[in-house]
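A look at the structure
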Amino acid sequence: MENNSVKECEYFDQIQTIFAHSSDCLIVIDEEGTIIYLNTSAERFFKVMSIKMEGRPIQKLIPGFDQENIPHSTMSRFTGVNGKGEFPIQVMANPLQVGSKWYDVLRIKCVEEKGNDTIQELVSVNKELADLKWALDESSIIAITDQSGIIQAVNKKFCELSKYKEEELLGKDHKILNSGYHPKSFFRDMWKTIGSGQVWRGEILNKTKIGTLYWVHTTIVPILNEKGKPYRYISFRVDITERKQMETALRDSLRKDFNQTVKNLENGIFKMIQDERGNCVYVMAEGKLMEELGIGTGKLEGRTPFDAFPEHIASYKNKKYKKAFQGNHISYEVQLSGRLLYVDVSPIRQGETVAELVGSVHDVTELRSTQKQLQENKSLYQSLFKHSQDVVFSLDAKGVIQQMNPAAEMKLGLLFEKTQTKSLLDMIAPKDQALGHGCFKKTLRGELQNFDAEVRHLNGDRVYFNFTFLPIIVDQQVAGIYSIGKDISERIKVQELNEYLAHHDELTKLLNRRGFEAVLKNSLVHAEKNQKCLAVMYIDLDRFKNINDTLGHFIGDCLLEQIAVRLSGSIREGTYIARMGGDEFMVLCPEIKSNEETIQFANEYLNRLKEPFFIKGHELYVTASIGISTFPSDGLNVGDLMRRADVALYRAKDLGRNNCQIYSSSMDATSYQSFFMERDLRKALIHDEFTAYFQPRVDARTNKIISAEALIRWKHPKYGLVPPSEFIPLAEETGLIIPIGEWMKKRVCELLVKWREEGIPLVPISINVSPQRFLQSDFATCVRQILEKYDLNGSLLEIEITENSLMRTEEYVEQTIEELKELGVKIYIDDFGTGYSSFAYLKSFKLDGIKIDRSFIKDISSESENASITSAMINLAKHLKMDVIAEGVETVEELNFLKEHNCHHVQGYLFAKPSPAEEFQALLAEGLNLK
């Protein structure tokens with residue numbers, strides 16, 4: 001019972017909402033004749049308030065009303081009473097059932113007009129209509145036809161848009177504008193609607209006299225005769241050609257990130273496809289309106305109308321969508337959740353077939369509250385004013401709102417009762433108020449004005465309008481202003497989005513290079529004007545390429561996003577940060593007091609990066625190098641400051657990375673030297689400036705040479721012999737390490753062949769291979785080819801790789817190792833203990849041995865910190881049946897320690913320094929001469 005009572009209350013509230021918008025004078029009474037409700041028209045008619053009359057007998061307003069003889073379905077005469085006395089009225093009652101209760105709805109009309117008051121009112125209304133007609137004639141497109149569609153009248157705007165003269169249109173059938181775009185069924189539905197006396201709304205593609213096409217949103221209002229039949233139609237058009245073109249362009253741009261954009265639209269938008277059985281299926285539904293109705297993507301995706309809506313609504317919708325999938329542009333209105341929705345559906349073609357439907361949903365509930373029983377002039381006035389899609393205000397000479405149309409209430413969230421003392425100019429955003437006031441003053445002087453301005457919705461949202469101010473002239477004086485505003489919010493949003501994307505990085509949402517340069521340029525003007533110093537920091541992540549190569553670009557992008565968040569969280573107020581591309585960032589400190597303060601800032605950023613990053617199960621550690629330039633000491637413009645910060649950045653990298661450096665003029669010389677070094681390195685390959693040196697590997701038990709390591713040297717024509725430490729890093733950075741490595745393999749093979757032909761005892765020669773080359777899929781194939789070319793056994797060639805090479809794609813590494821071992825080539829890990837791998841890799845990849853790095857051998861003794869580490873390496877390698885080679889052995893003490901721990905293969909200055917091929921050949925022939 002309680003649920004039934006609640007439902008009756010809800011239903012009765014809905015009825016009251018409908019009665020409130022009716023122009024008829026309506027009173028609801030119960031079976032005992034007690035007043036339950038008066039609508040707004042009845043309150044004005046009897047000059048009473050509904051809340052004060054509820055619960056009183058109907059005889060308080062209609063003394064002669066007899067409850068036993070209620071006039072159902074016919075008008076009966078009575079006497080009504082209000083504050084001014086009695087007056088004749090006509091009453092007709094209609095029964096109304098709400099739940100289990102019955103009520104009567106009394107419809108009341110006045111029998112007599114009020115003479116002179118009515119005449120005066122009509123004069124006033126006609127004057128107001130004339131003014132409004134002139135105003136709307138300047139901004140709206142209007143045509144009047146008879147019941148057969150023959151044009152009787154058009155305004156100037158109609159002629160301007162259609163390119164016809166007025167005399168060319170009058171007396172012609174409205175079909176003269178037919179573009180052929182719409183099917184005949186479209187116009188049949190339209191004529192059926194207006195022929196029944198209902199207002200029709202829709203979008204029509206018309207053709208001008210010269211053959212061009214234009215879109216208009218059309219509202220056709222039937223004018224009824226005394227019998228309630230249409231005898232004339234008034235159409236109001238809004239040129240939406242630009243909007244249609246913008247919708248097409250916007251639809252294309254939104255494909256990249258469509259859902260993210262449409263979620264913020266005030267209205268709704270949806271997409272549909274046909275499945276293999278021909279069912280119409282929703283694939284997307286977004287927008288604030290859809291969320292309010294509870295029919296977003298989460299509710300509709302993958303479902304048909306029959307899965308989501310009641311049967312009668314689903315059937316109606318499905319019929320429309322089937323028609324749209326036949327290639328027709330359709331629109332319809334439907335009642336849902338207490339709202340009247342206007343749905344516009346466009347077919348999207350791929351070739352000759354319709355691939356999908358795109359529909360927009362608008363809440364048009366407010367547009368249905370029109371009055372139906374006014375005189376013809378009053379109907380015209382209401383049609384012009386209330387049915388306009390533009391926001392229309394009537395303002396007095398001070399800008400105070402006198403009237404506003406429903407579109408203004410809907411688009412700005414206003415209530416007329418609360419705006420009667422409010423100025424429209426006060427609603428304009430502060431940045432546009434000066435423009436608004438200026439245009440208002442010019443309009444008061446009789447000049448038509450047009451301008452764009454931002455207005456705040458009552459809920460705080462920004463809404464943009466193109467306003468037209470038209471003077472209201474009475475007795476040759478400007479008495480007020482009509483303001484007509486066209487909503488251009490969507491266009492502005494698109495412009496703002498494009499502006500944002502032009503100056504911001506898509507991945508990190510930080511400023512991009514263009515945005516940073518603009519901010520730096522403005523900051524330089526401010527700093528110069530106020531004689532302040534500023535600093536530019538160039539941040540480059542150390543070895544970020546290794547993360548991309550090892551874990552993939554997705555993890556790399558996630559890391560860049562987290563780094564951007566962390567750096568942004570540590571910048572100080574007024575500081576700007578940008579992503580310049582790749583793994584490079586730039587920071588602008590618009591005001592600094594000293595270089596020490598700048599270095600402090602930079603160290604704060606480096607410290608912020610020390611904490612690990614956790615991404616998809618990976619714990620990642622990142623360091624960075626920072627180069628700093630300052631204004632005015634290091635440059636006076638954007639280009640110089642950014643370039644010199646870049647020079648300082650490379651200096652930081654040269655000094656071991658994970659540090660910051662402030663630019664100095666000496667760095668330029670280093671930078672130029674690096675440039676020329678790279679140029680000369682490329683020439684060295686062409687001019688055969690490289691040479692091979694060899695350092696023997698010795699069995700400490702016999703002092704015999706058992707193998708040797710090939711080491712490259714560069715005979716620079718200007719600088720002489722350049723050690724590898726000065727050019728190998730540059731070769732790796734530029735990619736020249738690969739052709740240099742190929743040169744070394746070829747040179748070693750040539751020497752082995754030469755020594756074999758001269759009868760020199762041969763030993764295996766090891767070659768260092770860069771990770772870049774080792775990870776290439778054809779590496780083992782190239783080794784096989786060069787061995788075959790020089791007719792050499794694979795046992796004479798050894799490969800030394802770094803531990804980091806094993807951290808890359810394991811499948812390729814394992815395959816390459818297997819192919820090399822099939823050739824008889826041994827593989828050693830060079831500089832073992834300095835990288836990231838472990839004995840687990842040695843075991844899984846079945847390598848031949850390790851070369852313990854010099855840092856673990858230097859000054860080693862039983863008491864040193866390295867002793868336990870080195871002995872553990874030796875023992876574990878022996879346990880895995882692998883060779884152990886100690887690099888950099890220079891003292892007898894170091895050698896004795898290694899012998900004691902069963903490490904007999906050594907290499908170092910204690911036995912021989914790296915020497916040219918001729919000297920090493922002599923060592924092979926004569927043996928070591930140890931004293």
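Please read all numbers here as calculations on a predicted model, not as lab measurements. (Residues numbered from 1 in each chain as written. Predicted model: local features only at pLDDT ≥ 70, side-chain atom pairs only at ≥ 80, totals over all residues. Heavy atoms only, no water.)

**Focus: the overall build of the chain**
Applicable threshold: Helix numbers and strand numbers start at the N terminus; a helix is a DSSP run of H or I with at least 4 residues, a strand a run of E with at least 2. For each residue, the accessible area found with a 1.4 Å probe, counting protein chains only, is set against the maximum for its type, and the residue is called buried under 20%, exposed over 50%, and partly exposed in between. Note on areas: Shrake-Rupley with a 1.4 Å probe; residue coverage comes only from the protein chains shown.
Each helix and strand counted, the chain has 34 helices and 37 strands in total. A buried classification covers 46% of the 931 residues belonging to the chain. Per element, the accessible surface of the chain, about 48300 Å² overall, is 49% carbon and sulfur.

**Some points on the pattern of salt bridges**
Note that side chains of opposite charge can pair when their charged atoms are close. Applicable threshold: For salt bridges, the criterion is a side-chain nitrogen of Lys or Arg within 4 Å of an Asp or Glu carboxyl oxygen.
Counting across every chain of the model gives 34 salt bridges. Ionic pairing is found between Lys 486 and Asp 390, a salt bridge with its closest N-O pair at 3.7 Å. In this pair, Lys 486 sits in strand S20 (residues 477-487) while Asp 390 sits in the loop between helix H14 (376-386) and strand S16 (391-396), placing the two residues 96 residues apart along the sequence. For Lys 486, a relative accessible area of 34% puts it in the partly exposed group.

**Looking at the environment of Ser 725**
One can find Ser 725 in helix H25 (residues 724-734). Considered as a pair, Ser 725 and Arg 713 are 12 residues apart in the sequence and their alpha carbons are 9.9 Å apart.

**Side note on the packing of helix H20 (residues 544-551) against helix H21 (residues 553-570)**
When two helices pack together, their arrangement is given by the angle between their axes and by how far apart the axes lie. The condition that has to hold: Under this scheme, a helix contributes an axis fitted over its contacting stretch, all axes are lines through C-alpha atoms, and angles between N-to-C directions fall in the 0 to 180 degree range. Oblique is the label for any angle not under 35 degrees, not over 145, and not in the 65 to 115 range, which are roughly parallel, roughly antiparallel and roughly perpendicular in turn. Residue contacts follow a heavy-atom distance rule, with two residues in contact if any of their heavy atoms lie within 4.5 Å. Amino acids are sorted into nonpolar (Ala, Val, Leu, Ile, Met, Phe, Trp, Tyr, Cys and Pro), charged (Asp, Glu, Lys and Arg) and polar (every other residue, Gly among them).
Closest axis-to-axis distance for the H20/H21 pair is 7 Å, and the angle between their directions is 140°. In terms of their interaxial angle, H20 and H21 are classed as oblique. Of the residues in H21, those in contact with Phe 544, Ile 547, Asn 548 and Leu 551 of H20 are His 553, Ile 555, Gly 556, Leu 559 and Leu 560. Counted by class, the contact of H20 with H21 contains six nonpolar, three polar and no charged residues.

**Considerations on a nonpolar patch on the surface**
As a reminder, the rule being used: Each patch groups residues whose relative accessible area exceeds 30% and which form no salt bridge, using 9 Å between like charges and 5 Å between nonpolar side chains of Val, Leu, Ile, Met, Phe, Trp and Tyr.
Among the surface-exposed residues, Leu 497, Tyr 500 and Leu 501 lie close enough to one another that they form a single nonpolar patch of about 270 Å² accessible area. Of note, Tyr 500 is situated in helix H18 (residues 489-503).

**As for the pairing of strand S1 (residues 25-29)**
Our working rule: By this definition, two strands are paired if DSSP reports at least two bridges between them.
The buried fraction of S1 is high, at five of five residues. In S1, alternate side chains face the same way, and those of Cys 25, Ile 27 and Ile 29 on one face and Leu 26 and Val 28 on the other are all buried. Bridge count between S1 and strand S5 (residues 101-110): five bridges; the pairing is antiparallel. Each bridged residue has a counterpart across the sheet, and for Ile 29 the counterpart in S5 is Asp 104. Pairing of S1 with strand S2 (residues 35-38), which is carried by three bridges, proceeds in the antiparallel orientation. In the strand pairing of S2, Ile 29 is matched with Ile 35. Taking the residues that link successive antiparallel strands as the turn, the S1-S2 hairpin has five residues, and the phi of Gly 33 there is positive, at about 85°.

**Topic: the sheet that holds strand S8 (residues 200-207)**
Pairing is antiparallel across the open sheet formed by five strands, whose spatial order is S7-S6-S10-S9-S8. Looking at the sheet topology across the chains shown, the edges are occupied by strand S7 (151-154) and S8. If you compare each strand with its neighbour and ignore which way they point, the axes differ by 30° on average. Summarising the sheet, S8 and strand S9 (residues 213-224) pair through eight bridges and their orientation is antiparallel. The residue of S9 that forms the bridge with Lys 207 is Leu 213. Of the strands in this sheet, S8, S9 and strand S10 (230-239) are in contact with helix H7 (residues 184-195), which crosses S8 at around 140°.

**Considering the sheet that holds strand S27 (residues 660-662)**
As summarised here, the arrangement of the five strands in space is S22-S23-S21-S26-S27, forming an open sheet in which the pairing is mixed. The two strands at the open ends of the sheet, each matched to only one other strand, are strand S22 (576-581) and S27. This sheet shows a mean twist of 20° between the axes of neighbouring strands, independent of strand direction. Both strand S21 (residues 533-541) and strand S26 (residues 624-631) contribute to a ladder of eight bridges, which runs antiparallel. By the bridge assignment for S26, Leu 534 is matched with Phe 631. Against the sheet, H21 touches S21, S22 and strand S23 (584-592), its axis set at about 10° to S23. Against the sheet, helix H23 (residues 638-654) engages S21, S22, S23, S26 and S27, with an angle of about 145° to S26.

**A few points about the side chain of Thr 816**
Looking at where Thr 816 falls in the secondary structure, it is placed in helix H29 (residues 810-822). Apart from the residues lying within four places of it in its own chain, the contact partners of Thr 816 are Phe 774, Phe 779 and Ala 780.

**Re the environment of Gly 302**
Mapped onto the elements of the fold, Gly 302 is located in the loop between helix H11 (297-300) and helix H12 (305-308). Separated by 29 residues in sequence, Gly 302 and Ile 273 have C-alpha atoms that sit 9.5 Å apart. With sequence-adjacent residues up to four places away left out, Gly 302 is seen in contact with Val 281 and Tyr 282.

**Things to note about the packing of helix H26 (residues 737-757) against helix H34 (residues 917-926)**
Definition in use: Left-handed describes a crossing in which the near helix is turned anticlockwise from the far one by less than a right angle; the clockwise case is right-handed.
Relative to each other, H26 and H34 sit at 45°, their axes nearing to 12 Å. Considering their axes alone, H26 and H34 lie oblique with respect to each other. Considering the relative orientation of H26 and H34, their crossing is right-handed. Only Ala 917, Phe 920, Gln 921 and Leu 924 of H34 make contact with H26, whose side of the interface consists of Leu 751, Lys 754 and Trp 755. For the contact of H26 with H34, a count of residues per class yields five nonpolar, one polar and one charged.

Nothing here speaks to function; it is geometry throughout.
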